[in-house]
Amino acid sequence: MDENSIRDKLLTSEIKTVHRSWSDAQSSPYTSINLSVLIPKERITFNLYLKVAQKGSQDVSYPLFLKEGEAWERQWLDLLTQKGIDRLYFLNEDLELVIGYLNNYMQVLKYESAKVTPELLAVFSEQLHYSIRKAYQSPRFGPGVQKAQALVEDLIESLQQDPGAMKLVWKVLYHNFNLYTHSINLCLIGTAFMLFLKKAPKESRDLGLAGLFHDIGMTRIPQEIILKDGPLTPGERAEVNHHPAMGHRLLSKGTSLAYLPNEVLRLSLEHHENADGSGYPLGLPLNRQHPWTRIMRLLDTYEALTVTRPYRAAYKPFEAVKILQEARGPRGPIYDPQTLKLFIAFLITE
Ligand SMILES: [Fe+2]
Ligand SMILES: [Fe+2]
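Residues numbered from 1 in each chain as written. Chains lettered and ligands numbered in written order. Predicted model: local features only at pLDDT ≥ 70, side-chain atom pairs only at ≥ 80, totals over all residues. Heavy atoms only, no water.

**Description of the nonpolar core**
By size, the foremost hydrophobic cluster in this structure holds 95 residues, and its most contacted members are Ile33, Phe65 and Trp72. Looking at this core element by element, the count peaks at 10 residues for helix H7 (residues 177-196). Lining this core are residues from two domains, each supplying at least three of them: domain 1 (1-94) and domain 2 (113-348). Each residue touching Ile33, except ones within four places of it in the same chain, is listed here: Leu38, Phe46, Leu48, Asp86, Arg87, Leu88, Phe90, Val98, Glu126 and Tyr130. (Core = buried A, V, L, I, M, F, W, Y, C linked by side-chain atoms within 4.5 Å. Buried < 20%, exposed > 50% of the residue type's maximum accessible area, 1.4 Å probe, protein only. Helix = DSSP H or I, 4+ residues; strand = E, 2+ residues; numbered from the N terminus. Domains from an automatic or database assignment. Contact = heavy atoms within 4.5 Å.)

Below is the structure:
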């Protein structure tokens, strides 16, 4: 069935479309996208499919609705809306293209209005879902990360009900895309590792939330320092080292958040504290740190080591683990050896 005939058939009600929320699509090769985040009159950069059922049958198929390079016209939106359809589908392998497309849309909206509009938050909301989905696909987090999927998607959905929380996550993305993906990855891997440690779902989810917001203080560090290619001057380093205290302050007054456990505040402040007491900002010994601080400290560095930087390739998981094992401060290991042992088990456990 070509795309013209599928559109004609839709007009004449010859086919039955299928309505499902997109969370059920985990094993499907297609992911759904909300029609409201397609840019009016702009060419789409990926194929869009419709989900239909044959009459009298449960079998579904995904005929092509709009081809990559075709413009998203008002008439398609009207036609689908009339039929009560608010989502189309794209192939999972196009996920990166879709994230790029939504990033462009957000740039356009940001250009049109200095304020964070509900329209922008709607596009961002969809982008956040896809970014999480992409994060799962990274082999560097091990197979166990899949187990966090339901809990993280639940957490993200509850954040999406809270414009204050969404604005805060948007702030991270708007400041720096790498910081945003780093924060999402920590949310995911933090939740998964806690589940591996047999912690309760609520605690696992709280650590995930702490991962999402741990570096929020970085949004107060000037772009030129974050994006600097070469080594930082002592003055710049001092400024960066201020981000835990700034993040803590930001979250303490971020009262627009309906749900913010105390751990999120504690970890934003303590996530650069070392196991030997040589970290910053407080230089706390292990026994005075929050019990989750050593987890966040370790995951934070592991995530940072295993991504590509402009000045170096990404470390392989075993190389990153070796670096963590060998890292020593003036009074002993920087990363808690017991936690590291458990983390290695987590990386290889299905
Ligand atoms: Fe940090
Ligand atoms: Fe971090």
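From this point, things continue past the structure.
**What about the coordination of the iron ion (ligand 1)?**
All of the protein donors around the iron ion (ligand 1) are Asp215 (OD), His243 (NE2), His271 (NE2) and His272 (NE2); their distances to the metal are 2.1 to 2.2 Å. Geometry at the iron ion (ligand 1) is irregular, judged from its four donor atoms and the angles of 88 to 176° they form at the metal. Counting residues between consecutive donors of the iron ion (ligand 1) along the chain gives the motif D-x27-H-x27-H-H. A separation of 3.7 Å is found between the iron ion (ligand 1) and the iron ion (ligand 2), which are bridged by Asp215. (Donors = N, O, S within 2.8 Å, 3.2 Å for Na, K, Ca; no water. Tetrahedral: all angles 85-135°; square planar, octahedral: opposite > 155°, others 65-115°.)

**Focus: the coordination of the iron ion (ligand 2)**
At 2.1 to 2.3 Å from the iron ion (ligand 2) lie its protein donor atoms, namely His182 (NE2), His214 (NE2), Asp215 (OD) and Asp300 (OD). Here the iron ion (ligand 2) is ringed by four donor atoms whose angles at the metal span 76 to 172°, and the overall shape comes out irregular. Coordination of the iron ion (ligand 2) draws on donor residues from a single chain, spaced H-x31-H-D-x84-D in sequence.

**A word on the pairing of strand S7 (residues 87-91)**
Of all five residues in S7, five are buried, a share of seventy percent or more. Alternating residues of S7 divide into Arg87, Tyr89 and Leu91 and Leu88 and Phe90, and every residue in both groups is buried. The sheet contact formed by strand S2 (residues 30-34) and S7 spans five bridges and is antiparallel. Residue Ile33 lies in a different strand from S7, and its bridge partner there is Leu88. (Pairing = 2+ DSSP bridges.)

**Things to note about the packing of aromatic side chains**
In total, this model carries 17 aromatic pairs according to the counting rule given. For the pair Phe124 and Tyr180, a centre-to-centre distance of 5.9 Å together with 50° between the ring planes defines the contact as tilted. Remark: Tyr180 occurs in helix H7 and Phe124 occurs in helix H4 (residues 118-136); sequence separation between them is 56 residues. By the burial criterion, Phe124 is buried, and Tyr180 matches it. Considering the side-chain rings of Phe193 and Phe196, the 6.3 Å spacing of their centres and the 15° angle between planes classify their relative orientation as stacked. Within this pair, Phe193 and its partner Phe196 are both found in helix H7, separated by three residues, close to a single helical turn. Given a relative accessible area of 0%, Phe193 falls into the buried group. We classify Phe196 as partly exposed; its relative accessible area is 26%. Within the aromatic cluster, the residues linked to one another by ring pairs are Phe124, Trp170, Tyr174, Phe177 and Tyr180. Across from the ring centre of Tyr174, 4.9 Å away, lies the NZ or CZ of Lys110, which sits over that ring. (Phe/Tyr/Trp six-rings, centres within 6.5 Å; stacked < 30°, edge-to-face > 60°. Lys NZ or Arg CZ within 6 Å of the ring centre and 35° of its normal.)

**A word on the domain arrangement of the chain**
The domain architecture assigned to the chain consists of domain 1 (1-94) and domain 2 (113-348). One C-alpha centre belongs to domain 1, the other to domain 2, and the line joining them spans 36 Å. Between domain 1 and domain 2, the contact holds 10 residues from the first and eight residues from the second. Counting across the domain 1 and domain 2 interface gives one salt bridge. Ionic pairing is found between Glu126 and Arg87, a salt bridge with its closest N-O pair at 3.2 Å. (Salt bridge = Lys/Arg side-chain N within 4 Å of Asp/Glu carboxyl O.)

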